[in-house]
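# Inside the fold
Residue-level listing of the chains:
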Amino acid sequence: MSAGGIDVPDQWIANNVPETTKADVISVEELTHKLIADAMALGINRDEIDEEVDSICRTLFGAIVHFDPGTP
């Protein structure tokens, strides 16, 4: 496991998921694709992220539903 795989989802969510994001399938799917593309640009593959989170979609959905400003 790389350190990047551990840090990317939390840091990415804190920096890229606005509080106005809707908790719907389309929004979560778009964010999922963006997270994966941004991670790949950093040299982190999806398998590394999948080792850290059960589901990227569920992680993003939870972050949207339980949004707490200033908390990664």
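Residue numbers run consecutively from 1 along every chain, following the written order of its sequence. Residue-level local features of this predicted model are given only where pLDDT is at least 70; pairs of side-chain atoms are given and counted only at 80 or more, and the full residue set underlies all totals for whole chains, interfaces and linings. Hydrogens and water are ignored here; the side-chain numbers use all heavy atoms of the structure.

### Quick notes on the nonpolar core
Our working rule: Put simply, a nonpolar core is a bunch of buried Ala, Val, Leu, Ile, Met, Phe, Trp, Tyr and Cys residues held in one set by side-chain atoms that sit within 4.5 Å of each other. When a residue's accessible area, from a 1.4 Å probe over protein chains only, is under 20% of the maximum for its type it is buried; when over 50% it is exposed; and in between it is partly exposed. Here a strand is any run of E in DSSP of at least two residues, a helix any run of H or I of at least four, and the numbering for each starts at the N terminus.
Membership of the largest hydrophobic core comes to 15 residues, with the highest contact counts inside it found for Trp12, Ile13, Val17, Leu31, Ile49, Ile56 and Leu60. Counting only elements with at least two residues in this core, the list comes to helix 1 (3–16), helix 2 (25–41) and helix 4 (56–65). The leading source of residues in this core is helix 2, at five residues.

### Here's the deal with the packing of helix 2 against helix 4
So the rule is basically this: Note on definitions: angles span 0 to 180 degrees between N-to-C directions of axes, and those axes are lines fitted to C-alpha atoms, for helices only across the stretch in contact. Each crossing is labelled by how the near helix is turned from the far one, with a counterclockwise turn of less than a right angle marking it left-handed and a clockwise turn marking it right-handed. By the convention used here, residues are in contact when the closest approach between their heavy atoms is within 4.5 Å. Throughout this entry, Asp, Glu, Lys and Arg are counted as charged residues, while Ala, Val, Leu, Ile, Met, Phe, Trp, Tyr, Cys and Pro are counted as nonpolar. The remaining residues, Gly among them, count as polar.
Between helix 2 and helix 4, whose axes approach to 9 Å, the crossing angle comes to 115°. Crossing of helix 2 over helix 4 shows right-handed handedness. Judged by residue contacts, Val28, Glu29, Leu31, Thr32, Leu35 and Ile36 of helix 2 engage Ile56, Cys57, Leu60, Phe61 and Ile64 from helix 4. For the contact of helix 2 with helix 4, the class distribution of residues is nine nonpolar, one polar and one charged.

### Concerning the side chain of Ser27
In this fold, Ser27 is placed in helix 2. Residues contacting Ser27, with those up to four places away along its chain left out, are Thr21 and Lys22.

### Some remarks on helix 2
Going by this rule: Multiplying one less than the number of residues by 1.5 Å gives the expected span of a helix. In protein, a polar contact means a hydrogen-donor-capable atom and an acceptor-capable atom, both N or O and within 3.5 Å, with residues adjacent in sequence counting only if both atoms are side-chain atoms; elsewhere, any N or O pair within 3.5 Å suffices.
Spanning 17 residues, helix 2 covers 24 Å between terminal C-alpha atoms, matching the ideal 24 Å at 1.5 Å per step. One side-chain oxygen at the N-terminal end of helix 2 lies 3.1 Å from the backbone nitrogen of Ile26; it belongs to Asp24. The first or second residue beyond helix 2 is Gly43, which carries a positive phi of 85°.

### A look at the pattern of salt bridges
Spelled out, the test is: Any Lys or Arg side-chain nitrogen found within 4 Å of a carboxyl oxygen on Asp or Glu counts as a salt bridge.
Following the criterion strictly, the structure yields three salt bridges and no others. Between Asp38 and Lys34 there is a salt bridge whose closest N-O contact spans 3.2 Å. You can see Asp38 and its partner Lys34 sitting in helix 2, four residues apart, about one turn around the helix. Asp54 is paired through a salt bridge with Arg58; the nearest N and O atoms lie 2.4 Å apart. Each member of the pair, Asp54 as well as Arg58, carries the same accessibility label: exposed.

### Some thoughts on the confidence of the model for the protein chain
A low pLDDT means the predicted coordinates there should not be read in detail. Let me state the cut-off plainly: Confidence of the prediction at every residue is given by pLDDT, a number between 0 and 100.
The predicted model of the protein chain averages 81 in pLDDT, with 81% of residues at 70 or higher. Across the protein chain, element-level confidence peaks in helix 2 with a mean pLDDT of 92 and bottoms out in helix 1 with 72.

### Digging into helix 4
Where we set the bar: This arc is built from the directions going out from the helix axis to the C-beta atoms.
All of the buried residues in helix 4 are Ile56, Leu60, Ala63 and Ile64. In an axial view of helix 4, the angular spread of the buried residues amounts to 100°, which keeps them on one side of the axis. You can read the cap of helix 4 off the contacts: a side-chain oxygen lies 3.4 Å from the backbone nitrogen of Cys57, and it is on Ser55.

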